[in-house]
Structures are given as structure tokens and as C-alpha cells.
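Read off the chains here:
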Amino acid sequence: MRRPFRSAALFLLTLAGAPVLAAEPAGNVVRQAADAFGLRVGTESIGLYSQSAVRGFSPKVAGNIRLEGLFFRPAGALTDRAVDSTSIRVGLGNVGQLFPAPSGVADLALRDPGQANGLHATLAIDPYLSPYLELDGDLASADGVWTLASGLGLYPDDNGQAGNDARYVTAAFIPRWRPTDRLTITGLLDMEWGRDEDVTPTLLPLDGMLPPSTRRSRFIGQRWADYAFDNRNLGLIVDAGLADGLALRGGLFHSQHKAGKDAFTLLNGLDATGQGEMFVLMFPPTQSSVWSGESQLSYGWSGQTARQTLTASLRGLSSRERSGGEVEIPLGPWRVDEVRDVPRPALLFDQPQSHDQVRQWAGGVNWRLEWAGRLDTSVGVQKARYRKQSRTGAAAPARGGSDPWLYNALVAWRFDGDITAYASYARGLEEAGSPPVTAINRNSLLPAVLTTQRELGVKLPLGPLNLTSSLFDVRRPYAGLDGNDRYGFLGQVRHRGLEASVTGQPLPGLSLVLGAVLLDPVVTGPEVREGLIGRRPVGQRRLHWQASLDYAPPGWEGGSLDLVIDHRSATTARRDNLANAPAVTVVDLGLRQELALFGQDATLRAQLLNLFNADGWDVVDDGEYSAIDRRAWRVALSTRF
């Protein structure tokens, strides 16, 4: 960790020389949310969806991440020091969006200091007594031409509920240059270093069983089977007004993830007594590097009652990945609550690694019409070129590719009474993911797949509240493990569902965000007809609802209480549909208080997570489980200087 902490020290010296006057505190995510479909601000998030789960699919895996609305493929995730917020775009959230993705889009917004100068410091204790320090600095020139948002995060002892821990350092710099009203150039440098990240064993019980309940604070893995990584993200974004109605937006990004060491631990074949076999997979150094970006040229013109916008877009991606080459280490019989240190074996990484390469281009045109405050419609078409290659050792490379046409259309009509109805269709090319470690072909390559989405929805006022609801149908090839534990395409999957969001302020001081999604996920194909796999896809549930409230009682100056109730129904856990992770409801309670600290404005944030200590399981993969987080607390003090 010498290099990360040396960089952190240099950052602190730089920050110390800056004028510090004022900075914005962390936002109240409940009050900022426009709907219940997913919003993350800083370390807090609410909503039904996230980067990893939208309508049963993952925008992150599918390649549907956008940075400031531009195509971006991260090899390593951006940190909270660079990202101000993450919004999930589905339904009416796609109005005005260029080429919406069938599986949903996660749109990341970078921090912008505006015209402020200052330092925002947060000293906190996360769950399981994990201390951390975050410093976010804002600088702006007197004329506002130059601004700089920068941040540093120190997480010296990040603890998990299973007795595991890790250390992290994050840093980010976002300079902006606005020489004229028509031109803005934004830079990005975002870094993260992780060390000594203990790998918690995944539990794989015998047929149809759930893992037995145990004390979660006992680390049953091996400290030498850990994870260390370096992430780096670089970017440049240009926003230029070329002439009246003519605008150019472009972004070029480079993302790199290096893992100096990695491990996967599995407690396999757990029986009713909690006895199984422990395995460790140790990986040699791996690396992923991605160039991605997009350019958009738009021309807009207006008439008496209508405005039209024509946009030409070019998106590109080039990635290289070195992975695999793992060594399997059997540790023998093991109990689910057994703590035992096994000496680290001498490792010889003599297995060939896989070298994968992807190149992708997509050029398209999108037309949008806004008419009389009533109609908002858009139509887009793209031509994509996709090539993927994988080579293991000295073997001949495996190649695949496609050159599809992609389409999208959306029409929204606003009726009297502020009621809006809409319909949309999208056909996109999305990544299919990679095999789990338990697959016999875990280092194999899956091609990208065509995904379609159809949707109907409505938005209407309910007094002080707003209701947004939609019916959706998303279809794509289904990837999973077959009866021989080989990962591949087994048929087609259809996620048909109903989602609803209610937001607003029904009473003075009370902000409300309610959301629910009812999903009917079904797999079809020869594997299902022959009884080799079930009709329900692994990892999916029928119902998920969440209620989030923030209340500032009259007379309570600068304070508020918040409550989140999150319910998830039973989750399909096995490909044969013979086991489910039971339904679980988790309640979080929080407090926020503005106060003065040594003459400076400050915010105290305290939360009690999983208030009633609900017990449950997350489905990691086919038949694999990990325990949900038990009851924990966190407290943070943020100060503006």
C-alpha cells in the first residue's frame, strides 16, 4: 500500500494549499428522487433498481453504462469521489435520451463544483466498526473559467459481517474549462487501490437445501486467499455549441483494472449438519483495459408550435482482457462455522491464461419531435459492428461477431390534467456476461446478444403525489449452466412485468418514494422442454417493493428522520427450480441533523440498518448463496470549511 498512501499524502498537501470556504453537504436521496426506479447519491441509494439489476437484468454486465449521457464501458468502477449521482433510466426516464437500451441504462453524473471554493470533510464509521475519511475539495477561478472538483477517500479497515476485512484508497480529479458560453471541456482522473480484501466463501448446499444458519462474524476462509487490485479511469468530455441550433458532444474514456492477486472460495456440498468440502481457487495477475467513447452531432430547429432535433452518433469500444490461469486448492472437509488456518501452499501458475479482445462500433441517427407541449416522440436507427476474439495458450483463437441493425422508438402524449401516456420499443446489442467460477468452461467466451424491449406506461398526478407505471416485456437469449455444469445459451428468457412508482410530499415536511415491480420471468427452449432446467431463471423473484420516507417534523430545526422498508419475495436459486431463497423484508432507520461545529456548518448522519435483524440469503449463482447483511449501524459527520 506504499504507492496509494504516498499518492494520498501528496493529495492532502495539494488540498491544504487551497482556499477553503464552503462546499455542499451530502444530499438527501429521498428528497432528490424523481421516481422509485433507482437513484444513488454519494454512499446512499434508494429505489427498485441499480447498476446491477434493472427488470431482472444488469446494465453493468450488458454494457449499458453512460457517463454524462455518453457511452462508457468501465473496466473498473468509478468511485464516489468522482461520481455525484447515478440515475436509472427506464420508462418515461428515457424521454429525450439518445438510443435507450432494452435492459435499462445507468447514467452517471460527475461532480461539478460550480463557482464554489471549499472543502467538504466526512469522518464516519461504517457497519462493523469500519472507520473512513473522505475529503472533497472544490476550486474555482475568480472569473469561473476554471473549476476543479477533487476528492480523496481513506478506508483503512473496511470490515464485513463474516469477519473479513480490506483496505482501500480512492482519489479523483475533475477539472473543467469554460472559456466561452459555447464551450466546456471536462477532464477525469479517477483511481482506486484495494489491498488485503479477504474473500468470503460462497456456500453451495446439497440438492434443494438452504445453508444452515451460523454465527456470521466468524471468518471461515483463509487470509492468504485475498484480493488486491488497482483501478484507473481517464476521460475527456467536450460540449461545444458550433452555431445556432448546432451542437457537438463527445467523450473519450480509458478504463483499466489490474488484479495483482485474486481468489474464489467455495464451501461445496453442505449437508444438514453444516458439513461440506472447502475449495480455494487462486488466480495469477489479471488485467482488463477498455477504450470507449461517443460523439454526438445535433441540430435543432423550432417552428411556432414544434421543435425538432436530429442527432448523428458514433459509439466505439476496444477492450483487451487477460484472465484465468487459476490453480485449484482443495482444503478437505470443513464445517460451515469452522475457523481453521491452513498454511499457504506453494503455488505454481502453469496454466495458460485467456486473452480476450472486443471491438465494437455503432453509428446511428435519432430524430426527436416536441409539439405543442403535448407530443414528445423520437425514432432512432443504428448499424452496429461487433467482433469478439478469445485465445487460450497456444490454441487457435475463437472468433465471433455480428453486424445487426438496431432500432428504438418512443412516443409520449400529454393529456389535460397533466396526464402522460407513452409507448416505446428498443432493439439493442448487449453483452451476455461470463460463466461463473463453478462452470467447467469458466474462462470461455460468450458473444453479445440481441435484446428487445416493449413498453406501455402512464404518468398521472394523485393530489400532491405523482404515479408512474408501466407494463414491459424484455426478451433475450438465456445463458446459464446446463446439466453438465457447462455455461452457455440454453434458450430464450422473457421478463414481463408491471412496475409502479409513487413520489411526492403528501404532508408538509414529509417526502415519500414508493415503488413496486411484479415480474414474470420465464425461460423457454429445448432444455426446458426436456426437463433439464426449470422455467424460472436463476436469481429472479416475482415481487419487489420498497417504501422510503423522510420526515422533518415542524419545530425540529435542521433535522429529519428517514425510514426504508424493502421487501423481496422468494428468489429462484437453482436451474432445476427445486430451491428458492426465502422472502425477506429489511427495515432501515435513519437520522439526519444539521448543526454547527466550531463555527462551521456540519451534518450528522446516523443509520440503523436491518433494524429487526432479518435473516436471509442472496443467490450468488446457480445453487450458490451468501448471507444478507445482519443488523448494523453507521454514523457519519460531514463538515464544510
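Scoring rules and cut-offs
Residues numbered from 1 in each chain as written. Predicted model: local features only at pLDDT ≥ 70, side-chain atom pairs only at ≥ 80, totals over all residues. Heavy atoms only, no water. Helix = DSSP H or I, 4+ residues; strand = E, 2+ residues; numbered from the N terminus. Rg over C-alpha atoms; globule rule 2.2 N^0.38 Å. Buried < 20%, exposed > 50% of the residue type's maximum accessible area, 1.4 Å probe, protein only. Contact = heavy atoms within 4.5 Å. Areas by Shrake-Rupley, 256 points an atom, 1.4 Å probe, with all protein chains shown as cover. Lys, Arg positive; Asp, Glu negative; His and termini not counted. Charge placed at Lys NZ, Arg CZ, Asp CG, Glu CD. Patch = residues over 30% accessible without salt bridge, like charges linked within 9 Å, V, L, I, M, F, W, Y side chains within 5 Å. Salt bridge = Lys/Arg side-chain N within 4 Å of Asp/Glu carboxyl O. Phe/Tyr/Trp six-rings, centres within 6.5 Å; stacked < 30°, edge-to-face > 60°. Lys NZ or Arg CZ within 6 Å of the ring centre and 35° of its normal. Polar contact = N/O pair within 3.5 Å; in protein donor to acceptor, adjacent residues only side chain to side chain. Pairing = 2+ DSSP bridges. Core = buried A, V, L, I, M, F, W, Y, C linked by side-chain atoms within 4.5 Å. 1 Å grid on protein atoms, 1.4 Å probe; cavity = no way out; pocket = protein on both sides within 12 Å on 5 of 7 lines; lining within 4 Å. Points joined across faces, edges and corners; volume = space filled by probe spheres on them. Nonpolar A, V, L, I, M, F, W, Y, C, P; charged D, E, K, R; others polar. pLDDT = per-residue confidence, 0-100.

### Overview of the overall build of the protein
Along the backbone of the protein there are four helices and 36 strands. Computed over C-alpha atoms, the radius of gyration of the protein comes to 25 Å, within 12% of the 26 Å expected from 2.2 N^0.38 for 641 residues, which places it in the range of a compact globule. Projected onto its principal axes, the C-alpha positions of the protein cover 75 × 60 × 50 Å. Scored against the burial criterion, the 641 residues of the protein give a buried share of 50%. Restricting the contact set of the protein to residue pairs at least 6 apart, pairs at least 24 apart contribute 66%. Approximately 28500 Å² of the protein is accessible, and the part contributed by carbon and sulfur atoms is 57%. Charged side chains of the protein number 65 positive and 68 negative; the gap between the two group centres comes to 5 Å.

### Comments concerning unusual backbone geometry
Trans peptide bonds make up most of the peptide bonds, and negative phi angles are found at most residues other than glycine. Of note, Asn 577 is a non-glycine position whose phi angle comes to about 60°, a positive value. With respect to the helices and strands, the residue Asn 577 is situated in the loop between β30 (571-572) and β31 (580-581). We classify Asn 577 as partly exposed; its relative accessible area is 25%.

### Comments concerning a nonpolar patch on the surface
A cluster of nonpolar side chains, contributed by Tyr 299, Trp 301, Leu 310, Val 365, Trp 367, Val 379, Val 381, Trp 405 and Tyr 407, occupies part of the molecular surface with about 790 Å² of accessible area. Sorting the residues of the nonpolar patch by element identifies β16 (286-302), β19 (353-371), β20 (375-392) and β22 (405-415) as the ones contributing at least two each. Note on placement: Val 381 falls in strand β20. For Val 381, a relative accessible area of 31% gives the class partly exposed.

### A closer look at the environment of Leu 297
With respect to the secondary-structure elements, Leu 297 resides in strand β16. Here the alpha-carbon distance between Leu 297 and Asp 207, two residues 90 residues apart in the chain, equals 56 Å. With near-sequence residues (within four places) excluded, Leu 297 lies in contact with Leu 242, Leu 246, Ala 247, Leu 248, Leu 310, Thr 311 and Ala 312.

### A closer look at the packing of aromatic side chains
Under the criterion given, the structure shown has nine aromatic pairs. Arranged with centres 5.2 Å apart and planes meeting at 25°, the rings of Tyr 227 and Phe 229 form a pair that is stacked. When the centroid spacing of 6.3 Å and the interplanar angle of 75° are considered together, the rings of Trp 617 and Tyr 625 count as edge-to-face. The pair formed by Trp 617 and Tyr 625 is uniform in burial state, with each residue classed as buried. Members of the aromatic cluster, each reached through a chain of ring pairs, are Tyr 168, Tyr 227 and Phe 229. Directly above the aromatic system of Phe 472 lies the positively charged group of Arg 55, at a separation of 4.4 Å from the ring centroid. Against the face of Trp 334 rests Arg 340, its NZ or CZ located 4.0 Å from the ring centre.

### Some thoughts on the side chain of Glu 44
Locating Glu 44 in the fold gives a position in strand β2 (residues 44-46). Judged by relative accessible area, which is 14%, Glu 44 ranks as buried. Within polar-contact distance, the side chain of Glu 44 engages the side chain of Arg 605 at 2.8 Å. Apart from residues no more than four positions distant in its own chain, Glu 44 is found in contact with Val 29, Leu 39, Arg 592, Arg 605, Gln 607 and Arg 634.

### So, the sheet that holds strand β3 (residues 65-67)
The six strands lie next to each other as β2-β1-β5-β6-β3-β4, forming an open sheet whose pairing is mixed. Only two strands of the sheet have a single neighbouring strand rather than two, namely β2 and β4 (70-71). As defined by bridge partners, strand β5 (residues 83-89) adjoins strand β6 (residues 105-110) across six bridges and the pair is classed as antiparallel. Bridge pairing in β6 places Ser 85 opposite Ala 109.

### Description of the pattern of salt bridges
Between side chains of opposite charge, pairing is possible as soon as their charged atoms come close. The full count for this structure, using the stated rule, is 45 salt bridges. Salt-bridge contacts for Asp 403 lead to Arg 387; the nearest nitrogen and oxygen are separated by 3.0 Å. Here Asp 403, found in the loop between β21 (398-402) and β22, pairs with Arg 387, found in strand β20; they are 16 residues apart in sequence, far enough to count as distant. Assessed through its relative accessible area of 30%, Arg 387 is described here as partly exposed. One network of salt bridges, with partners in common, ties together Arg 31, Glu 44, Asp 550, Asp 562, Arg 592 and Arg 605.

### Examining the nonpolar core
Counting residues in hydrophobic clusters, the biggest one holds 34 residues, and the most contacted among them are Tyr 49, Leu 67, Leu 78, Leu 110, Leu 188 and Tyr 478. Going through the elements one at a time, β3, β5, β6, β10 (165-180), β25 (465-481), β26 (487-507) and β27 (510-524) are the ones with two or more residues in this core. With residues up to four places along the chain from it excluded, the contact list for Tyr 49 reads Phe 37, Gly 38, Val 54, Arg 55, Ile 88, Val 90, Phe 472, Glu 499 and Val 517. Counting 31 residues, the second largest nonpolar core, distinct from the first, contains Ala 166, Val 199, Leu 270 and Ala 573.

### Remarks on empty space enclosed by the protein
One way to see where empty space is left: roll a probe the size of a water molecule over the atoms. Under the criterion given, the structure shown has five cavities of 30 Å³ or more. Taken as a whole, the largest cavity encloses approximately 250 Å³ of empty space. What lines the largest cavity is a set of 23 residues, among which Arg 66, Arg 315, Gln 382, Leu 406 and Leu 429 lie closest to the centre. Broken down by element, the lining of the largest cavity gets its largest block of residues, four residues, from strand β23 (residues 419-430). Split into classes, the residues belonging to the lining of the largest cavity amount to eleven nonpolar, seven polar and five charged.

### Overview of the pairing of strand β29 (residues 559-568)
In this sheet, β29 lies alongside strand β28 (residues 543-551) in antiparallel orientation, the contact comprising eight bridges. Along β29, the bridge assignment pairs Trp 545 with His 567. Where β29 and strand β32 (residues 584-597) come together, ten bridges link them in antiparallel fashion. Residue pairing in the sheet places Asp 566 in a bridge with Val 586 of β32.

### Things to note about the confidence of the model for the protein
Summing up the model confidence of the protein, the mean pLDDT is 92 and the portion of residues at 70 or higher is 96%. Within the protein, helix α1 (residues 2-16) has the poorest average pLDDT of any element, 43, and β28 the best, 98. With pLDDT under 50 throughout, residues 1-25 is counted as low confidence; its partners more than four residues away or in other chains account for 50 contacts.

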